[in-house]
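# Examining the three-dimensional arrangement
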Protein chains: 2
Amino acid sequence: MNGAQALITTLVDNGVQVCFANPGTSEMHFVAALDTVPQMRGVLTLFEGVATGAADGYARMAGKPAAVLLHLGPGLGNGLANLHNARRAHVPMVVVVGDHATYHKKYDAPLESDIDSVAQTVSGWVRRSLAVADVAADTAEAIASANSLKHVSTLILPADVSWDEGAATLENIVVQVDPADIDLGQAEAALASGEPTVIMVGGDATGAAGLAAAVRLAQSTGAQVLCETFPTRLERGAGVPAVERLAYFAEAATAQLAGARHLVLAGAPHPVSFFAYPGKASDLVPDGCAVHTLAGPVGAGAALGVLADRIAPNEIAATAALARPTLPSGPLTVVTSADVIGALLPERAIVVDESNTSGVLLAQATAGAPAHDWLTLTGGAIGYALPVSVGAAIAAPDRPVLCLESDGSAMYTISALWTQAREHLDITTVVYANRAYDILRIELQRVGAEAAGAGPGPKAEALLDLTGPTLDFVRIAKGMGVPARRVGTAEELADALQWAFDEPGPHLIEAVMPSIAG
Amino acid sequence: MNGAQALITTLVDNGVQVCFANPGTSEMHFVAALDTVPQMRGVLTLFEGVATGAADGYARMAGKPAAVLLHLGPGLGNGLANLHNARRAHVPMVVVVGDHATYHKKYDAPLESDIDSVAQTVSGWVRRSLAVADVAADTAEAIASANSLKHVSTLILPADVSWDEGAATLENIVVQVDPADIDLGQAEAALASGEPTVIMVGGDATGAAGLAAAVRLAQSTGAQVLCETFPTRLERGAGVPAVERLAYFAEAATAQLAGARHLVLAGAPHPVSFFAYPGKASDLVPDGCAVHTLAGPVGAGAALGVLADRIAPNEIAATAALARPTLPSGPLTVVTSADVIGALLPERAIVVDESNTSGVLLAQATAGAPAHDWLTLTGGAIGYALPVSVGAAIAAPDRPVLCLESDGSAMYTISALWTQAREHLDITTVVYANRAYDILRIELQRVGAEAAGAGPGPKAEALLDLTGPTLDFVRIAKGMGVPARRVGTAEELADALQWAFDEPGPHLIEAVMPSIAG
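Note that the structure is a prediction, hence the values are computed from the model and not measured. (Residues numbered from 1 in each chain as written. Chains lettered and ligands numbered in written order. Predicted model: local features only at pLDDT ≥ 70, side-chain atom pairs only at ≥ 80, totals over all residues. Heavy atoms only, no water.)

## A closer look at the pattern of salt bridges
Just so we agree on the cut-off: The term salt bridge refers to a side-chain nitrogen of Lys or Arg lying within 4 Å of a carboxyl oxygen of Asp or Glu. Numbering of helices and strands starts at the N terminus; helices are DSSP runs of H or I of at least 4 residues and strands are runs of E of at least 2. Working definition: with a 1.4 Å probe on protein chains only, accessible area under 20% of the residue-type maximum means buried, over 50% means exposed, and in between means partly exposed.
Considering all chains together, one arrives at 50 salt bridges over all chains under this definition. Between Arg41(A) and Glu423(A) there is a salt bridge; the shortest N-O distance is 2.8 Å. Of this pair, Arg41(A) sits in strand 2 (residues 41–44) while Glu423(A) is found in the loop between helix 16 (416–422) and strand 16 (427–433), placing the two residues 382 residues apart along the sequence. By relative accessible area, Glu423(A) is classed as buried at 18%. The salt bridge partner of Glu510(B) is Arg486(B), with a shortest N-O separation of 3.4 Å. Here Arg486(B) lies in strand 17 (residues 484–487) and Glu510(B) lies in strand 18 (residues 507–512), a separation of 24 residues in the sequence. Given the relative accessible area of 0%, Glu510(B) is considered buried.

Printed below as a string of structure tokens:
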């Protein structure tokens, strides 16, 4: 057995059965070994950012890692932005970066680069396997570490370690699960204080169980529940306890937190402004509000459960009622597009949301839709939704995936459409085509780079505008094998969604939208 | 004057007048400042890998740096692969990475990451400006360092340093040019030895002057001249001294170097195999051959000139004669497609070559075409040609750019087509559509991962194959505003090239090709 075979065998023996791959020469033994391990599914992506984003989406829905196969430092670089998002999503992932043979590195061949330093910036665990005898143990540790600590484990695999014979797999691999760091006392005292208290859920507390526990505590104590701004996977809709998300814009978030005397963090980070703005506070916690960390992102749901059973044993969490908007008519706007989606969202949908400014009313419009999962842009690195939709669809093949994508963001990882088509994934992509980096038009004002209402100068505006030429997403999608339509009215969007939901496989709908930044 | 204005003013004062940008919120003051500095041209790209590749192409043709504007760590990550290529090309470039405000970093907001560590892996110079008063000096040093040492300088600019007022520009900025490290003695002795000697040109010795000097030396001493495998910018064609490039495959390169007793490196690196292969040597220098470094990549052309004037003062370098292939007919193959390009290559063309396996006969077919520049994949990170073509066209607006791209490689940075269209660049892109990662089919055998001729297993083959669905580059190009045609015969390719060369602006030709790997 060579190193590559030991690696793949150890992966599948430990539950890692999908590999999103964009290989090169140094990974050829890994590629060849796929045919010797039937349990491993290889999924080709045409760009590494699709592979890493797909593994993120897979982990969010499967609750376990996928593997990613990347080619040397440049491949890791191409995958880095979605690894950043995965790091912020606290998902498990096993990244295998093929490298030059150990003895070849000293020659500084053209593709030589410092893989280790780049990998450290996004990984919770990094190891370079230096001998074939180590591959199985290193792989097992990579998986165990990813699973227990919910992070990206990166295994750097030199080509000769991959092709050398003499590897063996391990028996009885023990996956060590570190106990979550939970502090019930402070949270319990805050909830008992009678003072205004906010429970902020995040991490693994945004599933139905964690949300129910938080809402039981809130009902019992008068506390308010908020969800972190960008949850990894938020369960919501009819029959699920409803929680409001902390707003993206600091002004709105500050208003949500105003008056709180206690903030209990259950898996959520300390709330801070996404960006700094001149003269405005970065820390969103109001003066005089004490912050109590119940649990970090891993174990937060369980901690809330323990606390709810102690404080509110007989409380039953209220849940959202089934209540959809009626189908609107007329031109597409942020209002009508959201209502169409709220009216038609399928049962058990997985929504991958990168709608940005076009989606500002989606939360409200879909609050009473049938229960669904909502996946968000955890790390702020755009270009996440198309790849994440690929992984989510592979993890949950019996569920419809609705990928809500912005035109600007779509272009970072557009080749994900090809993998959607190749794998026949049941993904409906809506591209909101407002033909601008609309959020930047807003941010340009908010950071004080232009006087309010003055508008950007012509050179600045040219960097925020996506016309001249207009992107034709129908052609682009068809060019990658995904059937597509363009819509401009609510009626057309509704028709197109029905078409996409009814027919198996991927579809894309270009929804031409007005800019909200004016 | 705020930090952003000081930055841009310092750039233009030092000859950096183009900025390839993909900005976000932390760069909004830079974007706004563009309208206050008329000499700076901002060019929007839809993905950071296009911006960094464009700056590489610009530098190759302009001989001076462009600026690149990136958004935090994920933006740098997206641009990393083409920064890797730029590092290997020894081109000057000034990368500005916007970061969170200095006081905001401690909050670990979602987009926080370790920019510095990632930047170090591709940059010869990295600085984080920490106060507005430092911006002008830091920028000047970034440019001077990039210009003198031909590397990527990365300036990390926190948002508050960008928006703070109180910056001043500098007068009398002295650009320090380090003397190149040149050793004439060893090379002179080798050339005088009468023993078989190879002069390997690379770096800045691959322009017409450096080549002429090398060829004069060869004519005078009986030495042979070879060019490094992947030159940054090779001048060639009628009227230019002709040199053969060292082959990509190690077996062929070994044959080229066989029998040499002296190898004089004039800007080229020590020749090594691109990848390691089991049981084969990585070092391509034959046993018993002494290696003499005349000069590194900077100053090699000048060093050859000094040596030629000393050893071969009266020698006149032979040059290639004008000799084009006749226009072929019939199905497109590696033979006919190369001959069509050789027959029709316009005067003073800039060829950006990422044709990979489809282009194996191009060097021969274009050797007698009118003089042109040939730009290659210096660092091996695919996805370079479309972006580099953008920068080359902006640097040399009066010259036609021919971008020879492979279908697999094209998909990494496909949105470069949109920037081609927006900037009305005179670029003809030929996408060789063999619908496979054909080089990997070859490499899979070469690394011994499969028995010769056995062919890959079905799962391996699926990762090397680009069908199911077939990419439709005509639709994709039109979707980004670039007129496009598909061709399948030599006649159609010739017609399409004439159409593309005759009409201003970008065009794309999808050339459907057979796989050469079988």
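Back to the write-up after that little detour.
## What to know about the relation of the copies chain B and chain A
Mapping between the two copies of the chain is achieved by a rotation about an axis and a shift along the axis. Short version of the rule: Least squares is the method for superposing the copies, and the C-alpha atoms it fits come from residues with pLDDT of at least 70 in both. When checking whether two residues touch, look at their non-hydrogen atoms; a contact exists if any pair is within 4.5 Å.
With an RMSD of 0.0 Å, the fit of chain B onto chain A corresponds to turning through 180° and sliding 0.0 Å along the axis. Accordingly, the operation relating the two chain copies is best matched by a two-fold axis. Within chain B, Ile476(B) has its C-alpha nearest the rotation axis, a separation of 2.2 Å. The fraction of interface residues of chain B whose copies in chain A are also interface residues reaches 100%, indicating that both copies meet through the same surface.

## Description of the nonpolar core
What counts, and what does not: Here the nonpolar core consists of buried residues drawn from Ala, Val, Leu, Ile, Met, Phe, Trp, Tyr and Cys, with membership extended through side-chain atoms lying within 4.5 Å.
With 223 residues, the main nonpolar core has Phe20(A), Ile414(A), Phe20(B) and Ile414(B) as its most contacted residues. Apart from the residues within four sequence positions on either side, Ile414(B) is in contact with Ile414(A), Leu386(B), Phe473(B), Ile476(B) and Met480(B). Core analysis: the next-biggest nonpolar cluster, separate from the first, contains 60 residues, Val225(B), Ala300(B), Leu362(B) and Phe501(B) among them.

## Some thoughts on the domain arrangement of chain A
All names here are of chain A. Cut-off, in case you're wondering: For each domain, the first and last residues come from an automatic or database assignment. Defined in terms of a 1.4 Å probe, buried area is the accessible area two parts forfeit on being brought together, summed over both.
By the assigned domains, chain A splits into domain 1 (3–163), domain 2 (184–311) and domain 3 (334–512). Listed as interface residues are 25 residues of domain 1 and, on the opposing side, 27 residues of domain 3. The contact between domain 1 and domain 3 buries some 1,900 Å² in all, and 67% of this surface belongs to carbon and sulfur atoms. The interface formed by domain 1 and domain 3 holds 1 salt bridge in total.

## Structural notes on the packing of aromatic side chains
Just so we agree on the cut-off: Between 30 and 60 degrees the pair is tilted, below 30 it is stacked and above 60 it is edge-to-face, where a pair is any two Phe, Tyr or Trp rings, Trp via its six-membered ring, whose centres lie within 6.5 Å.
Scanning all chains against the criterion turns up 15 aromatic pairs over all chains. With 6.1 Å between their ring centres and 80° between their planes, Phe47(A) and Tyr412(B) make a pair best called edge-to-face. Remark: Tyr412(B) occurs in the loop between helix 15 (407–410) and helix 16 (416–422) and Phe47(A) occurs in the loop between strand 2 and helix 3 (48–62); the pair is interchain, linking two chains. With respect to class, Phe47(A) is no different from Tyr412(B); both count as buried. Centre to centre, the rings of Phe230(A) and Phe274(A) are 5.6 Å apart; their planes meet at 65°, and the pair counts as edge-to-face.

## Structural notes on the interface of chain B and chain A
Interfaces are often described in size by the accessible area the parts lose on coming together. Here is the rule we go by: For this scheme, ten residues count as nonpolar: Ala, Val, Leu, Ile, Met, Phe, Trp, Tyr, Cys and Pro. Four count as charged, namely Asp, Glu, Lys and Arg, and the remainder, Gly too, count as polar.
The partner chain A presents 97 residues to the 97 residues of chain B that form the contact. Counting the surface lost from both chain B and chain A, the interface buries some 7,900 Å², and carbon and sulfur atoms represent 67% of this. Seen at the junction of chain B and chain A, the total is 4 salt bridges. One salt bridge connects Arg88(A) with Asp108(B), and the closest N-O pair in it is separated by 2.8 Å. Elements represented by at least two residues in the side of chain B that touches chain A include exactly helix 2 (28–33), strand 2 (41–44), helix 4 (72–89), helix 5 (115–120), helix 16, helix 17 (438–446), helix 18 (458–462) and helix 19 (473–479) of chain B. Residues of the side of chain B that touches chain A, tallied by class, amount to 52 nonpolar, 29 polar and 16 charged.

## So, the UniProt feature "domain: Thiamine pyrophosphate enzyme N-terminal TPP-binding" (unreviewed entry) in chain A
Quick note on the threshold: UniProt positions are given in the numbering used here, feature names are shortened, and annotations may be inferred rather than shown by experiment.
Annotation from UniProt places "domain: Thiamine pyrophosphate enzyme N-terminal TPP-binding" (unreviewed entry) at residues 1–108 of chain A. Helix makes up 46% of residues 1–108 of chain A and strand 19%. Its end C-alpha atoms lie 29 Å apart.

## Some remarks on the sheet that holds strand 4 (residues 93–99) of chain A
Residue and element names in this part refer to chain A. Rules: The criterion for strand pairing is that DSSP finds at least two bridges linking the strands in question. Where helices are involved, their axes are fitted lines through C-alpha atoms of the stretch in contact, as for all axes, and angles between N-to-C directions lie from 0 to 180°.
A sheet is described by the order of its strands in space; here 6 strands give the open sequence 2-1-3-4-6-5, paired in parallel fashion. Only two strands of the sheet have a single neighbouring strand rather than two, namely strand 2 and strand 5 (125–128). Averaged over all pairs of adjacent strands, the angle between strand axes in this sheet comes to 20°, irrespective of strand direction. The pairing of strand 1 (residues 18–21) with strand 2 spans 4 bridges and is classified as parallel. Bridge pairing in strand 2 links Cys-19 to Gly-42. On top of the sheet, helix 3 reaches strand 1, strand 3 (67–71) and strand 4; it is set at about 155° to strand 1, its chief contact. Running at roughly 145° to strand 3, helix 4 (residues 72–89) makes contact with strand 3, strand 4 and strand 6 (152–158) of the sheet.

## What to know about the packing of helix 9 (residues 208–221) of chain A against helix 11 (residues 300–311) of chain A
All names here are of chain A. The condition that has to hold: Left-handed describes a crossing whose near helix is turned anticlockwise from the far helix by less than a right angle; the clockwise case is right-handed.
Between helix 9 and helix 11, whose axes approach to 8 Å, the crossing angle comes to 35°. As for the relative orientation of helix 9 and helix 11, their crossing is left-handed in sense. Residues Gly-210, Ala-213, Ala-214, Arg-216, Leu-217, Ser-220 and Thr-221 of helix 9 pack against Gly-301, Leu-304, Gly-305, Leu-307, Ala-308, Asp-309 and Ile-311 of helix 11. Among the residues forming the contact of helix 9 with helix 11, the class breakdown is 7 nonpolar, 5 polar and 2 charged.

## Things to note about the sheet that holds strand 12 (residues 290–295) of chain A
Residues and elements named next belong to chain A. The parallel open sheet is built from 5 strands, whose spatial order is 10-8-7-11-12. The open sheet has two edge strands, strand 10 (244–245) and strand 12, and neither has a second partner. Across 3 bridges, strand 7 (residues 197–201) lies against strand 8 (residues 224–227) in parallel orientation. Residue Ile-199 lies in a different strand from strand 8, and its bridge partner there is Val-225. Against the sheet, helix 8 (residues 184–192) touches strand 7, strand 11 (262–266) and strand 12, its axis set at about 130° to strand 12. Set on the sheet, helix 9 makes contact with strand 7 and strand 8; between it and strand 7 the angle comes to about 175°.

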